[in-house]
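Single-letter residue listing:
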Amino acid sequence: MRPFDYTRAHAPADAVGAEARIIAGGTNLLDLMKLQVETPDRLIDINHVGLDRVERDGDGLRIGALVRNSDLAADPAVREGWPLLSKAILAGASAQIRNRATTGGNLMQRTRCYYFYDIDAPCNKREPGSGCGAIGGNNRQHAILGASDHCIATYPGDMAVAMSALDAVIEVEGPAGKREIRAADFHRLPGDTPQRDNELQSGEMILSVRLPAPLGGRQIYRKVRDRRSYAFALVSVAAVVVMEAGRMATARLAFGGVAHKPWRVPAAESLLTGQPPSPELFDRAADAVLAGARGQGHNDFKIPLLRRTLGAVLAEATQESK
Ligand SMILES: Cc1cc2nc3c(=O)[nH]c(=O)nc-3n(C[C@H](O)[C@H](O)[C@H](O)COP(=O)(O)OP(=O)(O)OC[C@H]3O[C@@H](n4cnc5c(N)ncnc54)[C@H](O)[C@@H]3O)c2cc1C
Ligand code: SF4
């Protein structure tokens, strides 16, 4: 690891606009620094700025950026009103990592592409213009949707997939003031600037995440991965379905492990809304989600896997209770 300066922030204002890299739980940043994938000269530690509470916000909730993943998943209000979020967090990492990892850091975690972590390999995300080792290389974990000729990495997190389906809003502050970004719009596609993972600008910090009023219904987070624990999603499906008189009155879907961002497809949700459930309809929704999907060789299996996982999740979510 290279030497760096360390400062402790005592309020968000100390970190906003600071010419330093923010460190929160450190569970991703420190790994990247040890491997010299990231080499910041200065760190600013935000663990003592507050922003560590889950609070009521009208009918919704406001989650501080420093709330630990374990605390958020266990929060009684989250478990009751937004169980999808709790389930998605608990599907991620390990208990020890969740105890340390924060809401802001989780949103900002970087891809798990093997070539990104290997400083001897070409990687446009780590070193723009150096090429992409995963295209034509080992790409089992990589994107089937929204990829570019410059980068086919996936966003690896679980929590943000649930936040996207729940229409959460991320509150950020920078030198120009505060602004809000929809969780579904926070992460970006790689295009020809894969070095940028998300819409946060230089000097901006995540302050909190707001959840709108609970949706009710059945909320399912299904994560398909190589192991039950300590493994990133190959495909994940976050679903909220509210049934009324045998029809889907509300259908919200988001997908993880398939693109550079949590993937939401309004056309698939519209197709389901107002309709009685059926395997044929679920298959048409999968067609809408997979429009333009393209495998890279090793990850071709993700296309049928997403279709099957979506079908199974929708069947479970629409099952009449006995
Ligand atoms: C072995 C292992 C397995 C894992 N498995 C999973 C998994 O299955 N699912 C999953 O979702 N995650 C998984 N993770 C990732 C883990 O969830 C993240 O490392 C963690 O959430 C990052 O949070 P942190 O607070 O430690 O962030 P840090 O490491 O402190 O920071 C990460 C990044 O966020 C930035 N940052 C932090 N806070 C803010 C803020 N408030 N505003 C702006 N920028 C900020 C930092 O500058 C840095 O770039 C795994 C991690 C490991 C090591
Ligand atoms: S997929 Fe993206 S992160 Fe991975 S090597 Fe290619 S450019 Fe780098």
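Just so it is clear, the structure is predicted and the values come from calculations on it, not from any experiment.

Chemist: An account of the site of ligand 2 is needed here, citing residue identities and associated values.
Modeler: As a matter of local geometry, ligand 2 sits amid 14 residues, with Cys 113, Tyr 115, Cys 123, Cys 132 and Cys 151 nearest to it. A class-by-class count of the residues in the shell around ligand 2 yields 10 nonpolar, three polar and one charged.

Chemist: Give me the lowdown on the sheet that holds strand β5 (residues 60–64), citing residues and values where you can.
Modeler: A sheet is described by the order of its strands in space; here five strands give the open sequence β4-β5-β8-β6-β7, paired in antiparallel fashion. The open sheet terminates on both sides in strands that have one partner only, identified here as β4 (54–57) and β7 (177–182). Ignoring strand direction, the axes of neighbouring strands in this sheet form an average angle of 25°.

Chemist: Go over the sheet that holds strand β2 (residues 21–23) with me, naming the residues and quoting the values.
Modeler: Pairing is parallel in the open sheet, where three strands are placed in the order β1-β3-β2. Bordering the open sheet on either side are β1 (5–8) and β2, each of which pairs with just one other strand. Between one strand and the next, the sheet's axes are offset by a mean angle of 30°, whatever the strand orientation.

Chemist: Please provide a residue-by-residue account of the nonpolar core, values included.
Modeler: Judged by nonpolar contacts, the single largest core of 92 residues is most densely connected at Leu 84, Leu 85, Ala 88, Ala 162 and Ala 238. Setting aside chain neighbours within four positions, we find Leu 85 in contact with Val 78, Met 159, Ala 162, Met 163 and Leu 166.

Chemist: I'd like a rundown of the environment of Phe 116, residues and numbers included.
Modeler: With respect to the element layout, Phe 116 can be found in helix α8 (residues 114–117). Separated by 11 residues in sequence, Phe 116 and Glu 127 place their C-alpha atoms 8.9 Å apart.

Chemist: Which residues make up the pairing of strand β10 (residues 235–244), and what are the values?
Modeler: Within β10, seven of the 10 residues are buried, which leaves it mostly tucked inside the rest of the structure. Where strand β9 (residues 218–224) meets β10, seven bridges bridge the pair, whose relative direction is antiparallel. Pairing of Arg 222 across the sheet is with Val 237, part of β10. Taken together, the nine bridges between β10 and strand β11 (residues 247–256) define a ladder with antiparallel strand orientation. Bridging from a neighbouring strand, Val 240 pairs with Arg 252 of β11. Counted between consecutive antiparallel strands, the loop separating β10 from β11 contains two residues, among which Ala 245 sits at a positive phi close to 50°.

About the thresholds
- Residues numbered from 1 in each chain as written.
- Chains lettered and ligands numbered in written order.
- Predicted model: local features only at pLDDT ≥ 70, side-chain atom pairs only at ≥ 80, totals over all residues.
- Near = placed C-beta within 6 Å.
- Nonpolar A, V, L, I, M, F, W, Y, C, P; charged D, E, K, R; others polar.
- Pairing = 2+ DSSP bridges.
- Helix = DSSP H or I, 4+ residues; strand = E, 2+ residues; numbered from the N terminus.
- Axes fitted to C-alpha atoms, helices over the stretch in contact; angles between N-to-C directions.
- Core = buried A, V, L, I, M, F, W, Y, C linked by C-beta atoms within 7 Å.
- Buried ≥ 20, exposed ≤ 12 C-beta atoms within 10 Å, placed from the backbone.
- Contact = placed C-beta atoms within 7 Å.

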